[in-house]
Amino acid sequence: MEQVNGDTLAAARKVVAVHINYPSRAAQRGRTPAQPSYFLKPSSSLAVSGKTVERPAGCELLGYEGEIALIIGKAARRVGIEDAWSHVAAVTASNDLGVYDLRWADKGSNLRSKGGDGFTPVGPALIPADAVDPAQLRIRTWHNGELVQDDTTGDLLFPFARLVADLSQLLTLEEGDIILTGTPAGASVAKPGDVLEVEVSAGDLTTGRLVTRVEEGTTPFADFGAGPKVDDLQREEAYGSREAAGLPAFASALSPELKAKLESVATATLSSQMRKRGLNNVSIDGLQATRPDRKVVGLARTLRYVPNREDLFKIHGGGFNAQKRAIDSVNEGEILVMEARGEKGTGTVGDILALRAQVRGAAAIITDGGVRDYTAVAGLEMPTYFANPHPAVLGRRHIPWDTDITIACGGATVQPGDIIVADSDGILVVPPAIAEELVDDCIAQEQEETFIFEMVKQGNSVDGLYPMNAAWQARYKEWKAGTAEGSQPND
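What you see is a predicted model, and the numbers here were worked out from it, not measured in a lab.

Each value, and the rule that gives it
Residues numbered from 1 in each chain as written. Predicted model: local features only at pLDDT ≥ 70, side-chain atom pairs only at ≥ 80, totals over all residues. Heavy atoms only, no water. Buried < 20%, exposed > 50% of the residue type's maximum accessible area, 1.4 Å probe, protein only. Helix = DSSP H or I, 4+ residues; strand = E, 2+ residues; numbered from the N terminus. Pairing = 2+ DSSP bridges. Contact = heavy atoms within 4.5 Å. UniProt positions renumbered as here; feature names shortened; annotations may be inferred. Salt bridge = Lys/Arg side-chain N within 4 Å of Asp/Glu carboxyl O.

Asks: It is not clear to me how the pairing of strand S2 (residues 38–41) should be interpreted in this structure. Could you clarify?
Replies: Taken residue by residue, a regular strand's side chains alternate between the two faces of the sheet. Residues Phe 39 and Lys 41 line the buried face of S2, whereas the alternating positions Tyr 38 and Leu 40 sit on a face that is not buried. Bridge count for strand S1 (residues 15–18) against S2 is 4 bridges, and the pairing is antiparallel. The residue of S2 that forms the bridge with Val 15 is Lys 41.

Okay, structure coming up:
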């Protein structure tokens, strides 16, 4: 087979890349596009197999994405899908490299982040397009010898002929142009010294492995342009998940000490202390619990359902949808809170997914919608808070739409990372920023109320005692000191 060489690269006047095309990548990203979208890479980013690529100085996140590249063989302008594949001369392997450190400066163009020299290696061999079925190609990527991507073109969101036809509606695809057709799940980050390999195959035909070695750049960015800048969101995007990036599910504001304090106080006390701070709309209302005897404290993870619309459910409702992603990513001690708009006419979680959440260590599930398989869900150790039982599947009324966003549940706004406290009195949303101060005041309030309870029990009137006047405050201080010493003053 013909090899990719300098002439191949020189013939490419433009390189067009597709954002999302593999269902596995769409599930990982949490969004499934209805139509393909594209960006351009400069032809100067092209490189042959065996070359090194530089991770620019000062950058942390050089992402790699194994892809199938289409080489246009004859000009295409306003071609139909049925004719589009005839305009493709060959397919080969490619690696869509980019530095996430520069995404902030791109405004969506990807020019700085993905346009660097050597950021689009292709090759090593060309497979003739007329020798393969474009729906039966296999793409694999290795990172330091470990297979990290392995997928086929059998269920692409946008088949290759559709991409060619779609692009040709607005621009002329010229002989030698290259289309990068998207990457499957498994793309991640490479570091200096790493070796990346990508191979495309169709039965016995193969491109061979496209080899790229990563080296560290030594020339810093000039101060007259945008420099590298990263945050945990970019790390999550680059590695594919927070877990893969070595990040906690959220920056936890719930230390073991704080959790123990919150478990020691009643939601009634927390509610009164938050009211003193002007926070009146922090209760998730109208729900019942499978385990009302349990005290639950944990960090919120969130899931949003939107009203069902049949065409959108076909795109977002099946497969590894937002509901399943939320269940399958909840971590030890976290609480999955669902926005179901108070819709009681269908279930929002059933026994299998509730069990999966329990196995992953979730502290609870909270939904302002219905629960299916109620008896089985109620039999789990993990508490579930819900509006009512209902036998219908969620597709009757809901589309699982998005995860880890700000939602509404039971009349309260809940953000990912909020602290949830629930007991037999109700469910509260505690802003993490005030949690330490709040719980300390709660502990002090409950000590006072214990004293007041004892005094009432001994026959004292509540007049001047509840709340305490100056005289009772003095008595309380004596009582508190005595309690600390292991004794209690007589009345």
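Asks: What should I look at first to understand the environment of Lys 191 in this one?
Replies: Within the secondary structure, Lys 191 is located in the loop between strand S13 (188–190) and strand S14 (195–202). Put simply, Lys 191 and Leu 111 are 80 residues apart on the chain and 21 Å apart in space, counted from C-alpha to C-alpha. Apart from the residues within four sequence positions on either side, Lys 191 is in contact with Arg 55, Val 214 and Tyr 239.

Asks: What should I look at first to understand the pairing of strand S7 (residues 88–95) in this one?
Replies: Counting buried positions along S7 yields 7 of 8 residues, so the element is predominantly enclosed. For strand S6 (residues 66–72) and S7, the ladder comprises 7 bridges, and the chain directions are antiparallel. When the bridges of S7 are listed, Ala 69 appears paired with Thr 92. Where S7 meets strand S9 (residues 120–128), 4 bridges bridge the pair, whose relative direction is antiparallel.

Asks: Sorry, what's going on with the UniProt feature "binding site: substrate" (unreviewed entry) in the protein chain here?
Replies: UniProt feature "binding site: substrate" (unreviewed entry): in the numbering of this structure it lies at Gly 350, Asp 351, Ile 352, Leu 353 and Arg 372. Judged by maximum C-alpha separation, these annotated positions cover 23 residues in sequence but sit close together in space, the widest gap being only 10.4 Å. Residue classification places Gly 350 among the buried residues on the basis of a relative accessible area of 12%. Aside from chain neighbours lying at most four places away, what touches Gly 350 is Arg 372, Asp 373 and Val 377. Mapped onto the elements, Ile 352 comes out in helix H11 (residues 351–359).

Asks: Can you walk me through the pattern of salt bridges in this structure?
Replies: Any two side chains of opposite charge can pair if their charged atoms end up close together. All told, the structure shown has 25 salt bridges when counted by the stated rule. Note that Glu 199 and Arg 140 form a salt bridge whose closest N and O atoms lie 3.5 Å from each other. Taken together, the residues span a long stretch of sequence, with Glu 199 in strand S14 and Arg 140 in strand S10 (residues 138–143) at a distance of 59 residues. Here the two residues Glu 199 and Arg 140 agree in accessibility, since each one is buried. A salt bridge links Glu 197 to Arg 209, with the nearest nitrogen and oxygen atoms 3.6 Å apart. Residue Glu 197 is found in strand S14, and its partner Arg 209 is found in the loop between strand S15 (205–206) and strand S16 (210–216); the two are separated by 12 residues along the sequence. By relative accessible area, which is 15% here, Glu 197 ends up buried. Salt bridges sharing partners connect three or more residues here, namely Arg 25, Lys 41, Glu 65, Asp 96 and Lys 114.

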